[in-house]
Amino acid sequence: MYHKKKERYYICDLLENPAVPYPSYYVLSSSMCKNEMLQTALIALHSFDFSYYETAKNYEDVFAMFHSGTFPIYKEKYIVGYFGNKMMYLESNGWKGMPATEEIFKIENWLVC
């Protein structure tokens, strides 16, 4: 079975002085490390600058971002991607399946741009 090589992507490579220093890196595939949309979301999250984001009006806003290849932010804490018909959130050690809790259905928890 073929596994994509993963590497550590350090926040200090994106931001000199992050407002949110943890996690200090994310384990990502090399293609994800080069993804400018993901970099933009990481900068917003770690600088805590959501000026280009707004609270989603409905779930169509969230899925429009997924389909355009951009990344909504959940609870001002996690970047969320949509891969293989699965919502995944980004933690330090990589993408994790997003559990379907009551919280994910509260539209006020989602930031979109």
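What counts as what
Numbers given for residues are sequential positions, taken from 1 along each chain in its written order. The predicted origin of the model limits local features to residues at a pLDDT of at least 70 and limits the giving and counting of side-chain atom pairs to 80 or more, whereas totals for whole chains, interfaces and linings rest on all residues. Values reported for side chains reflect all heavy atoms of the structure, with hydrogen atoms and water molecules removed beforehand. Strands are treated as partners if at least two bridges between them are detected by DSSP. Elements are defined by DSSP. Helices are runs of H or I of four residues or more, strands are runs of E of two residues or more, and each kind is numbered from the N terminus. Any pair of residues with heavy atoms lying within 4.5 Å of one another is described as a contacting pair. Interaxial angle, 0 to 180 degrees, is taken between N-to-C directions of lines fitted to C-alpha atoms, where a helix line uses only the stretch in contact. Each residue is placed in one exposure class: buried if its accessible area under a 1.4 Å probe, protein chains only, is under 20% of its type's maximum, exposed if it is over 50%, and partly exposed if it falls in between. For this analysis, a ring pair means two rings from Phe, Tyr or Trp (six-membered ring only for Trp) whose centres lie within 6.5 Å, classed as stacked if their planes differ by under 30 degrees, edge-to-face if by over 60, and tilted for the remaining angles.

Draft legend 1. Fine view of the sheet that holds strand β8 (residues 110-112). Taken together, the 6 strands give an open sheet; going across it, the order is β3-β8-β4-β5-β6-β7, and neighbouring strands pair in antiparallel fashion. This sheet does not close on itself; its edge strands, each paired only once, are β3 (54-55) and β7 (94-97). Two strands pair when backbone bridges link them, and strand β5 (residues 78-83) and strand β6 (residues 86-91) are joined in this way by 4 bridges, in the antiparallel orientation. Across the sheet, the residue bridging to Gly 81 is Met 88, located in β6. The sheet contacts of helix α2 (residues 36-47) involve β4 (73-74), β5, β6 and β7, and relative to β5 the element is tilted by about 160°. Taken strand by strand, helix α3 (residues 59-68) contacts β5, β6 and β8, and its axis lies near 55° from that of β8.

Draft legend 2. Up close: unusual backbone geometry. Of note, the bond from Tyr 22 into Pro 23 is cis; its omega dihedral lies within 30 degrees of zero at -5°. Looking at the element boundaries, Pro 23 is found in the loop between β1 (6-10) and β2 (25-29). Of note, the phi angle at Glu 76 is positive, near 50°, even though the residue is not glycine. By the secondary structure assignment, Glu 76 is in the loop between β4 and β5. By relative accessible area, Glu 76 is classed as partly exposed at 39%. Positive phi values are uncommon outside glycine, yet Asn 85 reaches one of about 60°. Summarising the element assignment, Asn 85 is placed in the loop between β5 and β6.

Draft legend 3. Spatial organisation of the packing of aromatic side chains. In total, this model carries 10 aromatic pairs according to the counting rule given. Aromatic pair Phe 50 and Tyr 53: ring centres 6.4 Å apart, planes at 90°, arrangement edge-to-face. Take Phe 50 and Tyr 53: they sit in the same class, and that class is buried. Centre to centre, the rings of Tyr 74 and Trp 110 are 5.1 Å apart; their planes meet at 55°, and the pair counts as tilted.

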